[in-house]
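Coordinate inspection notes
Take a look at the letters that make up each chain.
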Amino acid sequence: MLSTLRIEDTGVPIYVQLREQFLRMMGAGRLKPGDQMPTMRQVAVSLRVDLNTVRHAYDDLERAGAVILVRGRGSFVAEPAATLTGPDHEAETERLARQALAAAAAAGVDPAALARKINELATQEDAP
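These lines cover the structure that appears in this document, whether it is placed above or below. (Residues numbered from 1 in each chain as written. Predicted model: local features only at pLDDT ≥ 70, side-chain atom pairs only at ≥ 80, totals over all residues. Heavy atoms only, no water.)

**What about the overall build of the chain?**
The criterion, for reference: Numbering of helices and strands runs from the N terminus; a helix is a DSSP stretch of H or I covering at least four residues, while a strand is a stretch of E covering at least two. Throughout, exposure labels follow a simple rule: accessible area from a 1.4 Å probe, protein chains only, divided by the maximum for the residue type, with under 20% read as buried, over 50% as exposed, and the rest as partly exposed. Two residues qualify as a contact provided that any one of their heavy atoms is within 4.5 Å of a heavy atom in the partner residue. The protein chains shown are the only cover counted for residues, whose accessible areas, like all others here, come from Shrake-Rupley with a 1.4 Å probe.
The helix and strand inventory of the chain stands at 5 helices and 2 strands. Sequence-ordered secondary structure for the chain, helices as α and strands as β, is α-α-α-β-β-α-α. If one aligns the C-alpha atoms of the chain with their principal axes, the spans along those axes are about 40 × 35 × 25 Å. Within the span of the chain, comprising 128 residues, buried residues form 23% of the whole. A separation threshold of at least 6 residues defines the contact pool for the chain, and within that pool the share at least 24 residues apart is 47%. When the accessible area of the chain is evaluated, it comes to approximately 9000 Å², of which 54% is carbon and sulfur surface.

**Observations regarding the layout of surface pockets**
Rules: Lining residues are defined by having an atom within 4 Å of a point belonging to a cavity or pocket. Those points lie on a 1 Å grid over the protein atoms alone, cavities being sets where a 1.4 Å probe fits but cannot get out and pockets being open sets with protein on both sides within 12 Å along at least five of seven lines. Grid points are joined across faces, edges and corners, and a volume is the space filled by probe spheres set on the points. Each residue is assigned to one of three groups, with Ala, Val, Leu, Ile, Met, Phe, Trp, Tyr, Cys and Pro labelled nonpolar, Asp, Glu, Lys and Arg labelled charged, and all others, Gly among them, labelled polar.
Estimated volume of the second largest pocket: approximately 300 Å³. Lining the second largest pocket are 16 residues, with M40, R55, L69, R71 and S75 sitting closest to its centre. Sorting the residues of the lining of the second largest pocket by element identifies α2 (40-47), α3 (51-63), β1 (67-70) and β2 (74-77) as the ones contributing at least two each. Of the residues forming the lining of the second largest pocket, the biggest block, 4 residues, is contributed by α3. Considering only residue class, the lining of the second largest pocket consists of 7 nonpolar, 5 polar and 4 charged.

Structure below.
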């Protein structure tokens, strides 16, 4: 897995690039719930980046509920969250939509094209 991680000189902070790559691996099923993540030190050494940068990415993943950090044991892919309902569902949907729009704007991607792609991916049989 470490060999697939890449850092690009795009202006996007390194911790964001790492976080997004791990989230894509989880979404694609390459990292499954319960899988142990590489250590922060392994990622830092492999990519030749500061350990605190990797820690920032892992902390973001933990805050998002994507990984569980177990002191002394490592980081593990978390079980998917329970399905939200009612106002919580609406609020989280709004937050994610705004986050996607901001990421699209930062990457120069048309929001309508992004919406079409999300809809296409969501309707595929093997969508997560």
